[in-house]
Every structure is written in C-alpha cells, then in structure tokens.
Amino acid sequence: GYSKSMNNYGIMLKDGVGIPMNKEEGIRYIEMSANLYNPEGMGNYGDILVSGNNIKKDKFKGLKFLKKASKMGDNEAILSLGMQLLNEEESNKEEAVSYIKKSADNGNEIAMYQYAMQLMKGEFVEQDQKKAANYLKMSADIGYSQSMDVYGLLLLKGCGVAKDINEAIKYF
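As a starting point, this report considers the structure included with it. Once a new chain begins, its residue numbering starts again from 1 and follows that chain's sequence as written. Local features in a predicted model are, by the rule used here, given only for residues with pLDDT of at least 70; side-chain atom pairs are given and counted only at 80 or more, and totals for whole chains, interfaces and linings are based on all residues. With hydrogens and water stripped out, all remaining heavy atoms of the structure feed into the side-chain values.

**Examining the environment of Ala 104**
No. 1: Turning to its location among the elements, Ala 104 is positioned in helix H6 (residues 93–105).
No. 2: Burial classification: accessible surface area is computed with a 1.4 Å probe over protein chains only, and a residue below 20% of its type maximum counts as buried, one above 50% as exposed, and the rest as partly exposed. For Ala 104, a relative accessible area of 3% puts it in the buried group.
No. 3: Two residues form a contact once any of their heavy atoms are found within 4.5 Å. Every residue in contact with Ala 104, bar those within four places of it in the chain, is listed here: Ala 111, Met 112, Tyr 115 and Tyr 135. Secondary structure elements are taken from DSSP: a helix is a run of H or I of four residues or more, a strand is a run of E of two residues or more, and numbering for both begins at the N terminus.

Here it is as structure tokens:
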C-alpha cells in the first residue's frame, strides 16, 4: 500500500476523524507507514511511542523514529524531537534547541514560538530579546495565538521591539 495514505488513514482511525474511532487499528496503520519509511508516519509513530498513548511506552524506540523522520526532513518530527530532548533529563539541551530552531527556520509557527521562548529566557541559547521578538512576530503573523499574545505584550512594553501601543492592539 501507499505509505502516506496509510499514515493519513491511521490518523483518521486513531482520532475518529470522518470514520469511527479505532485507536489500536489507527496506530497499526501509522506503524506500517513508519516501517515503509514514510517521514510523517515515522514522526507520528515516534510521538506515539514516546507518549505511550494507547500503546506500550518506548521512549528509546520513539526517539529513534523521530530522529529518522527528522533526517528525512519532516518538520513536525524535527520540532517534536527538539521538544522531547529538551524535556529529557539526560540530554544535550543545546542540541534540543537547535532542532527547535531548525523547525522554526523551516516555517513551523509553534517552533518559532518555542524558540523565541528559549531566546527570551536565555536557556540553552544566548539570550536575545530582539531575535525572540522577530521569531514571535513571524509566528504571530502566521496566526499562532500564543505568539500573538506574547508579541503584543512585547510591543506594549517595548521589549525587543520599539514600543507601539497601536500595533500591540492588533495582536490581541
């Protein structure tokens, strides 16, 4: 079968989108897609394994799938891998943030927000309010609501950007 269709059908089954929900069968289709080297299937299956939702949790195997999907260019997997590594106790946090940045630079609005938060706090990356504001603006302009709120606050306070109350109102 076609691996991308298997992944999509698996998601539909797992989440009950347009068809009756069957989580176990949905995960089986996503796993088949992953085993056929579909990057999205690999990323989705990796996330499922790491979280242990409706399947035996296997963080090691899940991270392996996420790394493979990331190497194949799946932007969602790149972000997911970065976030998973960031939350792991025994991981290289700078490497984790580099995955998040890569996903942000590839256009993922959630990654833009997450990377901006790291820049604002100066955690595992050099603190840079101006760069954080730029990433938040890009994400907000795509329509990511959390970025809109934070960017609006930055404009209101003049943090990392010129203070502009009228512009801030547009983001709230």
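**Quick word on the packing of H6 against helix H7 (residues 109–121)**
No. 1: H7 packs onto H6 with a crossing angle of 135 degrees between their chain directions and a minimal axis gap of 8 Å. Of the possible angle classes, the one that applies to H6 and H7 is oblique. Where H6 crosses over H7, the two elements pack in a sense that is left-handed. Along its contact with H6, which presents Val 97, Ile 100, Lys 101, Ser 103 and Ala 104, the element H7 presents Ala 111, Met 112, Gln 114, Tyr 115 and Gln 118.
No. 2: Any residue that is not Ala, Val, Leu, Ile, Met, Phe, Trp, Tyr, Cys, Pro, Asp, Glu, Lys or Arg is counted as polar, Gly included; the first ten are nonpolar and the last four charged. Looking at side-chain class alone, the contact of H6 with H7 contains six nonpolar, three polar and one charged residues. Here an axis means a line fitted to C-alpha atoms, over the contact stretch when the element is a helix, while the angle between two N-to-C directions is reported on a 0 to 180 degree scale. By definition in this entry, angles of less than 35 degrees are roughly parallel, angles greater than 145 are roughly antiparallel, angles of 65 to 115 are roughly perpendicular, and the rest are oblique. Helix crossings are classified by the rotation of the near helix relative to the far one: an anticlockwise turn of less than a right angle makes the crossing left-handed, while a clockwise turn makes it right-handed.

**Some points on the packing of aromatic side chains**
No. 1: The criterion for an aromatic pair is that two Phe, Tyr or Trp rings (for Trp, the six-membered ring) have centres within 6.5 Å, with stacked assigned to planes under 30 degrees apart, edge-to-face to planes over 60 apart and tilted to the rest. Applying the stated criterion across every chain yields a total of five aromatic pairs.
No. 2: Here Tyr 115 and Tyr 135 contribute two aromatic rings whose centre-to-centre distance is 4.9 Å and whose plane-to-plane angle is 80 degrees, an arrangement assigned as edge-to-face. Placement of Tyr 115 in helix H7 and of Tyr 135 in helix H8 (residues 129–142) is noted, with a sequence separation of 20 residues between them. Take Tyr 115 and Tyr 135: they sit in the same class, and that class is buried.
No. 3: By definition here, charges over rings are those cases where NZ of Lys or CZ of Arg is within 6 Å of the ring centre and within 35 degrees of the ring normal. Directly above the aromatic system of Tyr 29 lies the positively charged group of Arg 28, at a separation of 5.3 Å from the ring centroid.

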